[in-house]
Structures are given as C-alpha cells and as structure tokens.
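In case you want the letters, here they are:
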Amino acid sequence: MARKKASIDFEQSLADLQTLVERLENGELSLEDSLAAFEQGISLTRDCQSALAQAEQKVQVLLERDGELAAEPFDADQAE
C-alpha cells in the first residue's frame, strides 16, 4: 500500500508542478504570486527528484545478482 501512495504522491506532485509552470508561463501572476509559485515549484521538483532517486535505488536492488549489481539501462521504448 505504501508503494501505491508514493506513486500517487509522485504523480500528484508532477501534475501540480505542471500546473504551476502553466500559470507562470501565462504571465498573469503578480511578482509576489510568481515568486511564491516558483518557490512551490522548486519544492515539488525536489520531491519528484527524491521519489525518482528512491525508485532507481529499488530497481538497482532488484537487479542485484550474486552480490554484484547488474545495472541495466531502462529503455522506455522497449517497455511498451
């Protein structure tokens, strides 16, 4: 259950970040609101980077064989 929650948090953070970027690109925010949105965006970016790093570590553990790490590049095109 914790794995699903982390995935939802990542997806929600990414969606929130996209919304913030769109609001900033519209140019309709005041300077103060733009700075607040930028600050929130930095926080969301760090959260997403942390979640991705944790996922990468889990993948590396799963790929570990005979005490050695068998790192294999992920090819998104082949995954589909």
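Computed from a prediction, not measured in an experiment: that's the story for all the values here.

The next subject is the overall build of the protein. A tally of helices and strands in the protein yields three helices and zero strands. When the helices and strands of the protein are read in sequence order from the N terminus, they spell out α-α-α. A burial count over the protein gives 12% of its 80 residues as buried.

We now examine the side chain of S13. One can find S13 in helix α1 (residues 2–26). Residue class for S13 comes out buried when judged on its relative accessible area of 13%.

On to a nonpolar patch on the surface. Together, L24, F38 and I42 line one region of the surface with nonpolar side chains, adding up to about 240 Å² of accessible area. Inspection of the secondary structure assignment puts F38 in helix α2 (residues 31–63).

Turning next to the confidence of the model for the protein. Summing up the model confidence of the protein, the mean pLDDT is 81 and the portion of residues at 70 or higher is 70%. When mean pLDDT is compared element by element in the protein, α2 scores highest at 90, while helix α3 (residues 76–79) scores lowest at 54.

Its location among the elements puts Q12 in helix α1. Taking the relative accessible area as the measure of exposure, Q12 reaches 44% and is therefore partly exposed.

What follows concerns the environment of G41. Checked against the element boundaries, G41 lands in helix α2. For G41, a relative accessible area of 10% translates into the label buried.

What counts and how
- Residues numbered from 1 in each chain as written.
- Predicted model: local features only at pLDDT ≥ 70, side-chain atom pairs only at ≥ 80, totals over all residues.
- Heavy atoms only, no water.
- Helix = DSSP H or I, 4+ residues; strand = E, 2+ residues; numbered from the N terminus.
- Buried < 20%, exposed > 50% of the residue type's maximum accessible area, 1.4 Å probe, protein only.
- Patch = residues over 30% accessible without salt bridge, like charges linked within 9 Å, V, L, I, M, F, W, Y side chains within 5 Å.
- Areas by Shrake-Rupley, 256 points an atom, 1.4 Å probe, with all protein chains shown as cover.
- Salt bridge = Lys/Arg side-chain N within 4 Å of Asp/Glu carboxyl O.
- pLDDT = per-residue confidence, 0-100.

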